[in-house]
Amino acid sequence: MKIPSLFKEYIWLIETIRRNGRMTLGEISDLWQQQEQSGGQELSRTTFNRHRDSILDIFGVIIECDRKDGYRYYIENEEVLKENSIQNWMFSTLSVSNMLDGNAGLQDRILLESIPSGDDKLQLIFSAMRDNRRIRMQYHRYSDAGSNQFIVEPYCVKLFKRRWYVVVKIIEASFAHDKDEKKDNLYVFALDRIEHIEILQTKFTVDKDFDAAGYFYDCFGIVANSSLKPERIVIRAYGLEPHYLRDLPLHHSQKEIESTNEYTDFELRLKPTNDFKTHLLSLNSWVRIIEPDWLAEEMKDWLKEALSRYDEKK
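Residues numbered from 1 in each chain as written. Predicted model: local features only at pLDDT ≥ 70, side-chain atom pairs only at ≥ 80, totals over all residues. Heavy atoms only, no water.

### Regarding helix α2 (residues 25-33)
Argument step 1. Looking at α2, one finds that the buried residues are Leu25, Ile28, Ser29 and Trp32. What you see down the axis of α2 is that its buried residues fit within an arc of 100 degrees, all on one side.
Argument step 2. If you follow the buried residues of α2, they end up packed against α1 (5-20), α3 (45-59) and β2 (72-75). (Buried < 20%, exposed > 50% of the residue type's maximum accessible area, 1.4 Å probe, protein only. Helix = DSSP H or I, 4+ residues; strand = E, 2+ residues; numbered from the N terminus. Arc of directions from axis to C-beta. Contact = heavy atoms within 4.5 Å.)

Written as structure tokens, this is what we have:
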């Protein structure tokens, strides 16, 4: 993907100040002149200020000036570059794309992981969300022999483990479903299982109390079972696994509570949904549930069942 030159300049400016810390405009300009894309031209104050305004509008990053520190510039809200926000996701994507574009000669030695775009279905859902219009879709669940038709109100979308999902309120369904199954009446659909989708003319209003980030706040991934309450969960990690968990926490609530030469304990507070349990199973013998007891017993049962598969006769 080719990035417009202005976006390359925005990305360069953010990364330069982020990497070097507080800098004067002269110091920034000197580094800019060393870049091939600068053409040897200095970064004027007018251009710099325009870039600051655009960076704030697009990425939500504030480049502030400290007059008491020799008019040095710094990123005032660097935390936004670490948040799970669309601005940070867009910045990270463009930043990586910018690096790849500048290293085209290494394309055979840079291996990437494919993330399905959702085709035109994602764009249609975005349009319906923007205009607050209902959508009709044909959906095929893995557990069903065939597909079913739904009329839904799209509330938000979420990317998780290389798949796009949409959170909806079901208005009509081609089969009898229990609308009280979830007290908030919201359901999650995977875009890759939507066979057909169309935007309807009927408008709707998003519930005023709905908060997309809050909806998944206590969740590990995409499962948001409203019948479950978040619980304190303690995981004991062995070998090198503590290093991986420190670098890539399982959840925003994760914190380290004890460490020895043999193991490290991590505490989390979330809903113990099936996608969380299956992820723990994927970590094999490197982790163990310490608390709560019921979850440790359930994990043991799952492991016994998995082991029994290997004991079955061919």
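Still to come is the rest of the account.
### Remarks on the sheet that holds strand β3 (residues 133-139)
Argument step 1. The five strands lie next to each other as β6-β5-β4-β3-β7, forming an open sheet whose pairing is antiparallel. The sheet is open, and its two edges are formed by β6 (186-190) and β7 (194-203), each paired on a single side. Strand after strand, the sheet turns through a mean of 45 degrees between neighbouring axes, direction not considered.
Argument step 2. Bridge count for β3 against strand β4 (residues 148-160) is five bridges, and the pairing is antiparallel. Bridge pairing links Arg136 to Ile151 in β4. (Pairing = 2+ DSSP bridges. Axes fitted to C-alpha atoms, helices over the stretch in contact; angles between N-to-C directions.)

### Some details on unusual backbone geometry
Argument step 1. Of note, the bond from Glu291 into Pro292 is cis; its omega dihedral lies within 30 degrees of zero at -5 degrees.
Argument step 2. Mapped onto the elements, Pro292 comes out in the loop between β11 (287-291) and α9 (293-311).
Argument step 3. In the Ramachandran plot, Asn132 falls in the positive-phi region, its phi being about 55 degrees despite a non-glycine side chain.
Argument step 4. Of note, Asn132 is situated in the loop between α5 (119-131) and β3.
Argument step 5. Asn132 gets classed as partly exposed once you look at its relative accessible area, which sits at 27%.
Argument step 6. The phi angle at Arg162 is positive, at roughly 70 degrees, despite the residue not being glycine.
Argument step 7. Locating Arg162 in the fold gives a position in the loop between β4 and β5 (163-173).

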